[in-house]
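Here is what each chain is made of, one letter per residue.
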Amino acid sequence: MEELKEAIRTRGIGIGMDVVKVDSFLNHRIDVDLSTKMGQAFREAFKGEDIDCILTVEASGIAVAITTAQAFGNVPVIFAKKGDHKNVGSDVYTADVFSFTHGTMNTVRVSRKYLPAGSRVLIIDDFLANGEAIEGLRSIVEQAGCTLVGAGVCVEKGFQPGGEKLRKEGVKVVSLAIVDAIEDGHVILRDD
Ligand code: 5GP
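Residues numbered from 1 in each chain as written. Predicted model: local features only at pLDDT ≥ 70, side-chain atom pairs only at ≥ 80, totals over all residues. Heavy atoms only, no water.

Q: Any chance you could break down helix α1 (residues 2-11) for me, citing the residues and the numbers?
A: For α1, the set of buried residues is L4, K5, A7 and I8. The arc enclosing the buried residues of α1, seen along the axis, measures out at 160°, which places them on a common side. Where the residues of α1 are buried, they touch α2 (23-27), α3 (32-45), β8 (147-157), β9 (173-183) and β10 (186-189). (Buried < 20%, exposed > 50% of the residue type's maximum accessible area, 1.4 Å probe, protein only. Helix = DSSP H or I, 4+ residues; strand = E, 2+ residues; numbered from the N terminus. Arc of directions from axis to C-beta. Contact = heavy atoms within 4.5 Å.)

Q: Residues and numbers for the packing of α3 against helix α4 (residues 62-71), please.
A: α4 packs onto α3 with a crossing angle of 55° between their chain directions and a minimal axis gap of 7 Å. By the angle between their axes, α3 is oblique relative to α4. Where α3 crosses over α4, the handedness of that crossing is right-handed. Where α3 abuts α4, its residues S35, T36, M38, G39, Q40, F42 and R43 lie against V64, T67, T68 and A71. Within the contact of α3 with α4, the residues separate by chemical class into 4 nonpolar, 6 polar and 1 charged. (Axes fitted to C-alpha atoms, helices over the stretch in contact; angles between N-to-C directions. Parallel < 35°, antiparallel > 145°, perpendicular 65-115°, else oblique. Left-handed = near helix turned anticlockwise from the far one by under 90°. Nonpolar A, V, L, I, M, F, W, Y, C, P; charged D, E, K, R; others polar.)

Q: Please provide a residue-by-residue account of the pattern of salt bridges, values included.
A: The final tally for this structure, using the stated rule, is 18 salt bridges. For R138, the salt bridge identified is with E135, shortest N-O distance 3.3 Å. Here E135 and R138 lie together in helix α5 (residues 132-143), a separation of 3 residues that amounts to about one turn. Each of the two residues, R138 as well as E135, counts as buried. Salt bridges linked by common partners bring E135, R138, E142, K165 and E169 together as one network. (Salt bridge = Lys/Arg side-chain N within 4 Å of Asp/Glu carboxyl O.)

Q: Describe the sheet that holds strand β7 (residues 120-128), with residues and values.
A: Spatially, β5-β6-β4-β3-β7-β8-β9-β10 is the arrangement adopted by the 8 strands of the open sheet, whose pairing is mixed. Since the sheet does not close on itself, it has two edges, and those belong to β5 (92-98) and β10, each with one partner. Within this sheet the neighbouring strands show an average axis-to-axis angle of 30°, counted without direction. For β5 and strand β6 (residues 105-111), the ladder comprises 7 bridges, and the chain directions are antiparallel. By the bridge assignment for β6, F98 is matched with M105. Packing of α4 onto the sheet brings it into contact with β3 (53-57), β4 (77-82), β7 and β8, and relative to β3 it is tilted by some 170°. Contacts from α5 reach β3, β4, β5, β6, β7 and β8 within the one sheet, and its direction differs from that of β5 by about 160°. (Pairing = 2+ DSSP bridges.)

Q: How would you explain the layout of surface pockets if you had to name every residue and give the values?
A: Considered as a void within the structure, the largest pocket measures approximately 770 Å³ in volume. Residue lining of the largest pocket: 34 residues in total, with S99, F100, T101, D126 and F127 positioned closest to the centre. Listed by contribution, the elements that provide at least two residues to the lining of the largest pocket are β2 (19-21), α2, β5, β6, β7 and α5. A per-class count over the lining of the largest pocket returns 16 nonpolar, 9 polar and 9 charged. There is about 170 Å³ of room inside the second largest pocket. In terms of lining, the second largest pocket is formed by V77, I78, F79, K81, N87, V88, R109, V110, S111, K113 and Y114. Elements supplying a minimum of two residues to the lining of the second largest pocket: β4 and β6. No other element matches β4, which puts 4 residues into the lining of the second largest pocket. (1 Å grid on protein atoms, 1.4 Å probe; cavity = no way out; pocket = protein on both sides within 12 Å on 5 of 7 lines; lining within 4 Å. Points joined across faces, edges and corners; volume = space filled by probe spheres on them.)

Just distances and angles here, no functional claims.
Spelled out as structure tokens, the structure:
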């Protein structure tokens, strides 16, 4: 998606060898217009699919999950919660997810009542690196007896294995921009 790629070119910062910092429009301050267009791009990519709900994980996936849900006619958005919240309760599906950015293991939870068996679920997230977050959400979709329609990610880091692994496992993964490398603080995009 050209507009996202331009935002990464002009506002993205590479940290070390493997982290893309895009906090000015995706991870801290949110560019609402760009988020809306990313939602529409996911709608286009999964055109013709019936989607009952969008599933993401807190926190940075929520904004684009909402714009994607709007593009699909305001289907509900469910975000998996990290940690043991009193307001989620114990009737939950869980998955253990290693956080790439925090370097910690988190148990993520989704209340069973929000994922009725048979629902067709689209996973949306901001980044795809090693695939831990999406694998965790996928496990929750399977535990619930739902169908995974696919996974949409804003930025895939093509030099990390998550995308290839998920596609080999048969998951339809759509990424709106692919980063091939980080060199001296510069983010190198595929096809640039
Ligand atoms: P994975 O689970 O695929 O290893 O990593 C994806 C998750 O880690 C995303 O939910 C995202 O929040 C975070 N993440 C992974 N790599 C990056 C990155 O380079 N930049 C940012 N901002 N977040 C990342």
